[in-house]
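Coordinates in review
As a plain string of letters, each chain reads:
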Amino acid sequence: AASGREFTMDAIATLKRSATEAIGKHELPRALVLLNEALDLAPDDRALWTNRAYVHELRKAPADALSDARRAIELDPGFSKAHLRLGRALVALGRTDEAYSALASAVERWPQDYALAEALSAAGAAS
């Protein structure tokens, strides 16, 4: 018999997969519900916070995206995707100097991350 922990891990994986599919179909309210459910089960999962930040970004809710990106960075400062979400949220909030600074240090740390370099370039153009 599967332990409660295994069941929970399976449920989280299923919710995460379903949320990714919903994002792909641009079903953002559904993706949000699924990610919220997953976060209830796994509040320390950096990828879930980062994915939800992305959904907020797509929903044009940058303050929510910023909050979720910050939580992901608290959980794992070495997760480059969380820094990307943070920078994009700051740009969307009009805080371009802050965004540029955050993204520049992220690009320095992960020079091979094309998405970070692209976001830095966009932040530079916006400031």
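Residues numbered from 1 in each chain as written. Predicted model: local features only at pLDDT ≥ 70, side-chain atom pairs only at ≥ 80, totals over all residues. Heavy atoms only, no water.

Let's shift gears to the packing of aromatic side chains. Each aromatic ring pair is described using two quantities: the centre-to-centre distance and the angle formed by the ring planes. One pass over the structure, following the stated rule, counts zero aromatic pairs. The ring of F79 carries R46 above its face, with NZ or CZ at 3.7 Å from the centroid. (Phe/Tyr/Trp six-rings, centres within 6.5 Å; stacked < 30°, edge-to-face > 60°. Lys NZ or Arg CZ within 6 Å of the ring centre and 35° of its normal.)

Further remarks concern the side chain of R85. Tracing the backbone shows R85 in helix α5 (residues 80–92). Since its relative accessible area comes to 9%, R85 is described here as buried. Excluding anything up to four places from it in sequence, R85 contacts T50, A53, Y54, E57 and A69. (Helix = DSSP H or I, 4+ residues; strand = E, 2+ residues; numbered from the N terminus. Buried < 20%, exposed > 50% of the residue type's maximum accessible area, 1.4 Å probe, protein only. Contact = heavy atoms within 4.5 Å.)

Moving on: the packing of helix α4 (residues 62–75) against α5. At a minimum axis distance of 8 Å, the contact between α4 and α5 shows a crossing angle of 155°. Comparing the axis directions of α4 and α5 gives the class roughly antiparallel. Here α4 runs over α5; the crossing is left-handed. For the pair formed by α4 and α5, the contact residues are P62, A65, L66, A69, R70, A72 and I73 on the first element and A82, H83, R85, L86, A89, L90 and A92 on the second. (Axes fitted to C-alpha atoms, helices over the stretch in contact; angles between N-to-C directions. Parallel < 35°, antiparallel > 145°, perpendicular 65-115°, else oblique. Left-handed = near helix turned anticlockwise from the far one by under 90°.)

Before going further, it helps to examine the confidence of the model for the chain. Looking at the chain, pLDDT values average 94 and 98% of them are 70 or higher. Within the chain, α4 carries the highest mean pLDDT (98), whereas helix α1 (residues 4–24) carries the lowest (90). (pLDDT = per-residue confidence, 0-100.)

For the rest of this paragraph, the subject is the pattern of salt bridges. Pairs can form between side chains of opposite charge once their charged atoms are near each other. Throughout the structure, instances matching the rule amount to ten salt bridges. Here D44 and R71 are joined by a salt bridge, their closest N and O atoms 3.3 Å apart. Pair noted here: D44 is in the loop between α2 (28–41) and α3 (46–58) and R71 is in helix α4, with a separation of 27 residues, a long-range link. Overall, the relative accessible area of 55% leaves D44 in the exposed class. Judged by its relative accessible area of 25%, R71 falls in the partly exposed class. One continuous salt-bridge network, built from bridges that share partners, spans D44, R71 and E74. (Salt bridge = Lys/Arg side-chain N within 4 Å of Asp/Glu carboxyl O.)

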